[in-house]
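# Working through the structure, step by step
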Amino acid sequence: MSETKPTIEDMQAYVNVEAPPHVLHIEKELVRRFLEAVQDRNPLWTDEAAPAGAGSLVPPQLFCAIMTIARCSSETGKIPVPVATIPLPRRNVLEGEETWEFFAPVRVGDTITSHTRLSDVKLREGRLGEMFILTYVAESVNQRGELVARSSNTIVNY
Amino acid sequence: MAQQVYFEDVAQGQEIPALRKHPTRRQLVMWAGASEDFYEIHYDTEFARANQLGDVIVHGRLKAAFLGQIVTDWSSPGGVLRKLSCRYKGTDPANEDMLIRGVVTGKRVEGVEQLVDLEVWSERPDGTKTTVGAATVCLPAKASA
């Protein structure tokens, strides 16, 4: 983190700037770990013959919640940031609100490419002091170019 | 497995079966691994306290996944979740009972689809709603079954 804290103007310069896409290959193991972490034991997600699967497994729709986030590598620091190339102006993050729309199933074997951009920046005084309200929107498409999900994620950065 | 719920069976105001959770610190670590969200406020007490939190807290997106699960548990195998939104109003400590609940707020037909809207939320043992959301699910109709 630089010595001068980013201002709202600094952050507004990132609004709608295109960032490198996040590519995720949907492996069965990734889905298994998701299901175990959620403790979702619905046989629909693991039955290869289930109608929705049609030969390839379909994870729950909220699997999309782990498709768009940037990797928490040393590159991005301690906090999982929605766009690795956009810095967070402050140290701490709390989740604000989130929306997902699901258009087509994600299937095991798919390669999902997500494009996330910062869509809105606000500065507010709150109980935690000066807070940035950052909204990101993401679109995820599969290897055939079909839109599978669109999401919006607002975080509080203080 | 539960019987398929059909569009005709659903009424506004109807509560769907609640989902009981008890996210342990171990489960938070499992979610961290699955989602690659390794933010320390979810497993490191000292770090959480240094960040103005009482102790480690449950990941927001894990709660969102629970809100999705209550809907898919109720609507599967024939229902398809189309939309979920939620607001993270409050934090939840690890190792505490969490109740996920949902109520039908409306039903509508859009084109050839029968859609049901629900309010869904997570509750702490004292009844505080910490995550509140809305879901839309497409249900099969008996007429076409």
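Placed above this text is the structure.
Now for a look at the structure at hand. (Residues numbered from 1 in each chain as written. Chains lettered and ligands numbered in written order. Predicted model: local features only at pLDDT ≥ 70, side-chain atom pairs only at ≥ 80, totals over all residues. Heavy atoms only, no water.)

## Quick notes on the overall build of chain A
So the rule is basically this: In this text, helices come from DSSP runs of H or I with a minimum length of four residues, and strands from runs of E with a minimum of two, each type numbered from the N-terminal end. Accessible area is worked out with a 1.4 Å probe on protein chains only. A residue is then buried under 20% of its type maximum, exposed over 50%, and partly exposed in between. Residue contacts follow a heavy-atom distance rule, with two residues in contact if any of their heavy atoms lie within 4.5 Å.
Regarding its fold elements, chain A presents two helices and five strands. Counting from the amino terminus, helix and strand elements in chain A follow one another as α-β-α-β-β-β-β. Across the 158 residues that make up chain A, the buried fraction comes to 49%. Within chain A, contacts between residues at least 6 apart in sequence are counted, and of these 67% link residues at least 24 apart.

## Structural notes on the pairing of strand β4 (residues 113-123) of chain B
Residue and element names in this part refer to chain B. Counted only if it meets this: A pair of strands counts as paired when DSSP detects no fewer than two bridges linking them.
Most of β4 is tucked away: nine of the 11 residues are buried. Once strand β3 (residues 98-110) ends, the chain turns through two residues before running back antiparallel as β4, passing Gly 111 with a positive phi of about 65°. Two strands pair when backbone bridges link them, and β4 and strand β5 (residues 129-139) are joined in this way by 10 bridges, in the antiparallel orientation. Across the sheet, the residue bridging to Glu 123 is Lys 129, located in β5. Linkage of β4 to β5, two consecutive antiparallel strands, is achieved through a turn of five residues, within which Gly 127 is found at a positive phi near 95°.

## Quick notes on the pattern of salt bridges
Residue and element names in this part refer to chain A. Definition in use: Whenever a carboxyl oxygen of Asp or Glu lies within 4 Å of a side-chain nitrogen of Lys or Arg, that contact is scored as a salt bridge.
Taken as a whole and assessed by the stated rule, the structure comprises 20 salt bridges over all chains. In this structure, the salt-bridge partner of Glu 130 is Arg 90, at a minimum N-O distance of 2.9 Å. Here the residue Glu 130 occupies a position in strand β4 (residues 129-141), and Arg 90 occupies one in the loop between α2 (28-38) and β2 (93-102), the gap between them amounting to 40 residues. Judged by its relative accessible area of 34%, Glu 130 falls in the partly exposed class. Its relative accessible area of 11% is what places Arg 90 among the buried residues. When salt bridges with common partners are traced through the structure, they connect Glu 29, Arg 32, Arg 33 and Glu 36 into a single cluster.

## Side note on the packing of helix α1 (residues 25-35) of chain B against helix α3 (residues 60-75) of chain B
Residues and elements named next belong to chain B. For the record, the criterion: Helix axes use the C-alpha atoms of the stretch in contact, all axes being lines fitted to C-alpha atoms, and the angles between their N-to-C directions lie in the range 0 to 180 degrees. For classification purposes, angles smaller than 35 degrees are called roughly parallel, those larger than 145 roughly antiparallel, those between 65 and 115 roughly perpendicular, and all remaining angles oblique. Side-chain classes follow a simple rule in which Ala, Val, Leu, Ile, Met, Phe, Trp, Tyr, Cys and Pro form the nonpolar group, Asp, Glu, Lys and Arg form the charged group, and the remainder, Gly included, forms the polar group.
Look at α1 against α3: their axes get within 10 Å of each other, and the N-to-C directions meet at 95°. Between α1 and α3, the interaxial angle falls into the category roughly perpendicular. Judged by residue contacts, Gln 27, Leu 28 and Trp 31 of α1 engage Arg 61, Leu 62, Ala 65 and Phe 66 from α3. In terms of residue class, the contact of α1 with α3 is built from five nonpolar, one polar and one charged.

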